[in-house]
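Okay, here's what each chain looks like letter by letter:
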Amino acid sequence: MTDSMDPQGAIEQVGRLIRDIPDFPKPGIVFKDITPLLGDARGFRASIDLFAERLGGEPLDYVVGIESRGFIFGAALADRIGAGFIPVRKPGKLPAEVHRCEYQLEYGTDALEVHRDAFGAGARAVIIDDLLATGGTAHATGQLIRRLGGELVGYLFLIELTFLNGRRRLDNAPVTSLIRY
């Protein structure tokens, strides 16, 4: 743990670095802004330490980061645990052949893509993102891992908005959220 800090102290340190931005991106929404956390070396390191600790030495081949803030946490975590990093992106952003998964939003649909050759059958992967809200994006990412023949070990989130019940969409895989609102 960073500077021999206990896990609860580290979670509190990380939580203090997340600020609320009222009425962004539209009235009635309170945006959880993680940029102060990203800009604080000790706080960011503490968040990566906490994610690595939560994995408990689980053998993993890949950390799969969801565009875009999942890339930040995912690449750092992959480096920390000695795993590869795989980006899951919005449509049209990956240059090679892709698998695509469409998913439902409150009003409409969206999609995510991953390279078809990102990893082989039996590869063990964990999904990471900054926020668990309704669970649609994370669920779609899990579907992509399974389509490639991978084994989904679990989900990691910095923040979980518990009132949106996104956890219920995540296929019985373990879900870890460092901070819950």
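Being a predicted model, the structure only gives us computed values, none of them experimental.

A. Main features of the UniProt feature "domain: Phosphoribosyltransferase" (unreviewed entry) in the chain. If you check UniProt for "domain: Phosphoribosyltransferase" (unreviewed entry), the listed places come out as residues 58-159 in our numbering. In this annotation, residues 58-159 is assigned 25% helix and 43% strand; the end-to-end C-alpha distance for the span is 22 Å.

B. Spatial organisation of the packing of aromatic side chains. This structure, assessed with the given rule, holds six aromatic pairs. With 5.6 Å between their ring centres and 45° between their planes, Phe-44 and Phe-73 make a pair best called tilted. Of the two residues, Phe-44 sits in helix α3 (residues 41-55) while Phe-73 sits in helix α4 (residues 69-81), which places them 29 residues apart along the sequence. Here the two residues Phe-44 and Phe-73 agree in accessibility, since each one is buried. Judged by centre distance (6.2 Å) and plane angle (10°), the rings of Tyr-155 and Phe-157 are stacked. Considered together, Tyr-155 and Phe-157 belong to a single accessibility category, that of buried residues. Taken together, Phe-44, Phe-51 and Phe-73 form an aromatic cluster joined through their ring pairs. Sitting above the plane of the Tyr-181 ring, Lys-32 keeps its charged end 3.8 Å from the centroid.

C. Expanded view of the sheet that holds strand β8 (residues 151-160). Within the open sheet, the five strands sit side by side as β4-β3-β7-β8-β9. Their pairing is parallel. Looking at which strands have only one partner, the edges of the open sheet turn out to be β4 (84-88) and β9 (175-180). Here the strands of the sheet are splayed against their neighbours by 20° on average, with no regard to which way each runs. In this sheet, β4 lies alongside strand β3 (residues 62-66) in parallel orientation, the contact comprising five bridges. In the sheet register, Gly-65 faces β4, and the bridge partner there is Pro-87. Against the sheet, helix α5 (residues 136-147) contacts β3, β4, β7 (124-132) and β8, and its axis sits at roughly 160° relative to β8.

What counts, and where the lines are drawn
Residues numbered from 1 in each chain as written. Predicted model: local features only at pLDDT ≥ 70, side-chain atom pairs only at ≥ 80, totals over all residues. Heavy atoms only, no water. UniProt positions renumbered as here; feature names shortened; annotations may be inferred. Helix = DSSP H or I, 4+ residues; strand = E, 2+ residues; numbered from the N terminus. Phe/Tyr/Trp six-rings, centres within 6.5 Å; stacked < 30°, edge-to-face > 60°. Buried < 20%, exposed > 50% of the residue type's maximum accessible area, 1.4 Å probe, protein only. Lys NZ or Arg CZ within 6 Å of the ring centre and 35° of its normal. Pairing = 2+ DSSP bridges. Axes fitted to C-alpha atoms, helices over the stretch in contact; angles between N-to-C directions. Contact = heavy atoms within 4.5 Å.

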